[in-house]
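As a plain string of letters, each chain reads:
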Amino acid sequence: MSFEEKHIGKSIKSKMDNFEIVPPESVWDNIEGVLLKNKAIVRRNRIIGAAVATIVLVSLLYMFFNFNKKNEVKPGEPEIQSSPSSVNIYDTVISNTANAGSSVQGSTNKGHVIQQNNSGNNIELKDKNKIDTAVLVEKANIKLNTDTIPQNTPPAEKEKVVVKKIIKKPVYIVQQDTIYKVDTLSKKKKW
Amino acid sequence: MKINSLIYTDAELVDKCIKADMFAQKQLYITYSSKLYVICCRYSSCKEDAKDILQDSFIKIFNSIKTYNHSGSLEGWLKRIVVNTALSKYKQTKKRVVSYSADVENLGEFAEEEAVSEEEFAHYDEQILLRVISNLPDEYRIVFNLHCIENHSHKEIAELLLIKEETSRIRLLRARKKIIKMLSDLKQAK
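Residues numbered from 1 in each chain as written. Chains lettered and ligands numbered in written order. Predicted model: local features only at pLDDT ≥ 70, side-chain atom pairs only at ≥ 80, totals over all residues. Heavy atoms only, no water.

Visitor: Help me understand the overall build of chain A, please; the structure alone is not making it clear to me.
Guide: For chain A, the helix and strand inventory stands at three helices and six strands. Starting at the N terminus and ending at the C terminus, chain A contains elements arranged as α-α-β-β-β-α-β-β-β. Put simply, 46% of the contacts in chain A that link residues at least 6 apart link residues at least 24 apart. As displayed, chain A has an accessible area near 13,300 Å², and 55% of this comes from carbon and sulfur atoms. (Helix = DSSP H or I, 4+ residues; strand = E, 2+ residues; numbered from the N terminus. Contact = heavy atoms within 4.5 Å. Areas by Shrake-Rupley, 256 points an atom, 1.4 Å probe, with all protein chains shown as cover.)

Visitor: For this particular structure, what's the right way to read a nonpolar patch on the surface?
Guide: A cluster of nonpolar side chains, namely Ile48(A), Val52(A), Val56(A), Leu60(A), Tyr62(A) and Met63(A), defines an oily patch on the protein surface of about 610 Å² accessible area. You can see Ile48(A) is positioned in helix H2 (residues 25-70). (Patch = residues over 30% accessible without salt bridge, like charges linked within 9 Å, V, L, I, M, F, W, Y side chains within 5 Å. Salt bridge = Lys/Arg side-chain N within 4 Å of Asp/Glu carboxyl O.)

Visitor: Explain the environment of Ser33(B) to me, please; I cannot follow it from the model alone.
Guide: Here Ser33(B) lies in helix H2 (residues 22-43). The residues contacting Ser33(B), other than those within four sequence positions of it, are Ile21(A), Pro23(A), Leu54(B) and Phe58(B).

Visitor: Looking at this model, I keep getting lost on the interface of chain B and chain A. Mind explaining?
Guide: Buried accessible area, meaning the area lost when the parts come together, often serves as the stated size of an interface. Listed as interface residues are 43 residues of chain B and, on the opposing side, 29 residues of chain A. The junction of chain B with chain A conceals about 3,400 Å² of combined surface from both sides, 72% of it contributed by carbon and sulfur atoms. Counting across the interface, chain B meets chain A through zero salt bridges. Where chain B packs against chain A, one counts four residue pairs in polar contact (both at pLDDT 80 or more). When residues of the side of chain B that touches chain A are traced back to their parent elements, those giving at least two are H2, helix H3 (47-64), helix H5 (118-123), helix H6 (126-134), helix H7 (138-149) and helix H9 (165-189) of chain B. The dominant element in the side of chain B that touches chain A, judged by the number of residues it contributes, is H2(B), at eleven residues. Grouping the constituent residues of the side of chain B that touches chain A by class yields 25 nonpolar, eight polar and ten charged. (Buried area = accessible area lost by both parts, 1.4 Å probe. Polar contact = N/O pair within 3.5 Å; in protein donor to acceptor, adjacent residues only side chain to side chain. Nonpolar A, V, L, I, M, F, W, Y, C, P; charged D, E, K, R; others polar.)

Visitor: I tried to follow the pattern of salt bridges on my own but got confused; where do I start?
Guide: Pairs can form between side chains of opposite charge once their charged atoms are near each other. Residue and element names in this part refer to chain B. Under the counting rule described, the total for this entry stands at seven salt bridges over all chains. Note that Arg 141 is salt-bridged to Asp 138, the shortest N-O span being 2.8 Å. Highlighted residues: Arg 141 and Asp 138, both in helix H7, separated by three residues, approximately one helical turn. On the accessibility criterion, Arg 141 (2% relative accessible area) is buried. For Lys 181, the salt bridge is made with Asp 185, and the minimal N-O distance between the two is 3.2 Å. A residue pair is termed a helical-turn pair when its members lie 3 or 4 positions apart in one helix, as Lys 181 and Asp 185 do in helix H9 at four residues. Look at the salt bridges and you will find they share partners, linking Lys 35, Glu 75 and Lys 79 into a network. (Buried < 20%, exposed > 50% of the residue type's maximum accessible area, 1.4 Å probe, protein only.)

Visitor: Explain the side chain of Ser168(B) to me, please; I cannot follow it from the model alone.
Guide: Residue and element names in this part refer to chain B. Position of Ser 168 relative to the elements: it lies in helix H9. Residue classification places Ser 168 among the buried positions, given a relative accessible area of 0%. With residues up to four places along the chain from it excluded, the contact list for Ser 168 reads Val 143, His 154, Ile 157 and Ile 163.

Visitor: Could you clarify how one ought to interpret the confidence of the model for chain B in this entry?
Guide: A low pLDDT score tells you not to read the predicted coordinates there in detail. All names here are of chain B. Predicted confidence across chain B gives a mean pLDDT of 84, with 83% of residues reaching 70 or more. Looking across chain B, the model is least confident in H5, with a mean pLDDT of 70, and most confident in H3, with 95. Considering only residues more than four positions removed or in separate chains, one finds that residues 96-113, a stretch of pLDDT under 50, has 25 contacts. The ipTM value of the predicted complex is 0.80, and its pTM value is 0.59. (pLDDT = per-residue confidence, 0-100.)

Visitor: Can you help me understand the nonpolar core in this one?
Guide: Grouped burial of nonpolar side chains is what soluble globular proteins tend to show. If you look at the biggest cluster of nonpolar residues, it comprises 69 residues, and the most contacted ones within it are Ile12(A), Ile31(A), Leu28(B), Leu36(B), Phe144(B) and Leu161(B). At 13 residues, the largest contribution of residues to this core is made by H2(B). The two domains that each donate at least three residues to this core are domain 1 (2-93) and domain 2 (100-189) of chain B. (Core = buried A, V, L, I, M, F, W, Y, C linked by side-chain atoms within 4.5 Å. Domains from an automatic or database assignment.)

Visitor: Explain the packing of aromatic side chains to me, please; I cannot follow it from the model alone.
Guide: Here the distance between the centres and the angle between the planes together describe a pair of aromatic rings. Counting across every chain of the model gives six aromatic pairs over all chains. Note on Tyr8(B) and Phe23(B): the rings are 6.1 Å apart at their centroids and 75° apart in plane angle, and the pair reads as edge-to-face. Here Phe23(B) lies in helix H2 and Tyr8(B) lies in the segment before helix H1 (10-18), a separation of 15 residues in the sequence. A centroid spacing of 5.2 Å and a plane angle of 45° characterise the contact between Tyr68(B) and Trp77(B), whose relative ring orientation is tilted. Take Tyr68(B) and Trp77(B): they sit in the same class, and that class is buried. By the ring-pair criterion, three or more aromatic residues cluster together here, those being Trp28(A), Tyr29(B), Phe58(B) and Phe62(B). (Phe/Tyr/Trp six-rings, centres within 6.5 Å; stacked < 30°, edge-to-face > 60°.)

Visitor: I'm lost on the packing of H3(B) against helix H4 (residues 74-92) of chain B in this one. Help?
Guide: When two helices pack together, their arrangement is given by the angle between their axes and by how far apart the axes lie. Residue and element names in this part refer to chain B. Closest axis-to-axis distance for the H3/H4 pair is 9 Å, and the angle between their directions is 125°. Taken together, the axes of H3 and H4 are oblique relative to one another. Relative to H4, the crossing made by H3 is right-handed. Contact residues: H3 offers Asp 49, Asp 52, Ile 53, Asp 56, Ser 57, Lys 60, Ile 61 and Ser 64, while H4 offers Trp 77, Leu 78, Ile 81, Val 82, Thr 85, Ala 86, Ser 88 and Lys 89. Looking at the contact of H3 with H4, its residues break down into seven nonpolar, four polar and five charged. (Axes fitted to C-alpha atoms, helices over the stretch in contact; angles between N-to-C directions. Parallel < 35°, antiparallel > 145°, perpendicular 65-115°, else oblique. Left-handed = near helix turned anticlockwise from the far one by under 90°.)

This is how it looks when you write it as structure tokens:
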């Protein structure tokens, strides 16, 4: 290797060390364009993130307050009992359903019994121990029509059929010495 | 017009660039772009490639400036990024083409090589040397820059370029010969 070949690298390096060339203006323009674009993307992502967080928070708050309002007990109204011992309309059956037109008797977990005659005018409170649980019939004298039920239907099935027919009508329940008319399963009004 | 580079110190520049301060970013560009552009020209065969490398390098610099831990000089850190960007570009567009740019004027007829003395070499300005380096084939140019100017060993160059150490040595030797030849051709042309 000649002297020049050996030292050409070092010579060039020493010359290049402090050498500068001003780049064209267009280079910075392109760089600036990219930087501004990146900034806009970051800003947009932040706005979207904030909007999503706000929507989620508002939804959670709405659900929270709505839930609380649903379970709110209005003054004068007794609290709805959700214990297993409460009357569950679907589970109760009618006793003595074979006798169409007879009075329907029922009781509640509070020990109050209501008995209704055919005319539906009198409602009496009796001792629970005497009577099985039953679904109450609307005061408007809806008669139990068991004629449509086939004769060979088992009693349990018969009872279920009757219950299904009655459930469509408003029923009454008793809680804490007060009779309530239940229009739906979830609403009750003082009767 | 060059803005006074002493408005911010390097540390302040870095802090402001991390916060995406446009003024500080331009300040950093103006302060270091001239030196970094020379590196880009050394690693590329034409001005367009050099501009692309510089542009990509600065975008990488601004995106990753938060990783600068003030351990070495800022200039050294910036140069490393530029070199890495140039190497990435080279790897992407690797082609075995012997390129002689028309920028080198009047090479003259091919004749026996004449040695270039040290005194003669001193007369060659940086622009001419830069053109000569740019006119080297890509693979020779990269090895020459990495070894002679960036001071990488052949082993490191072999790892960077995924070549054999022997290949790196051969390419460097050929690069030097070619540079000498081009300089002597220029001398003859004069």
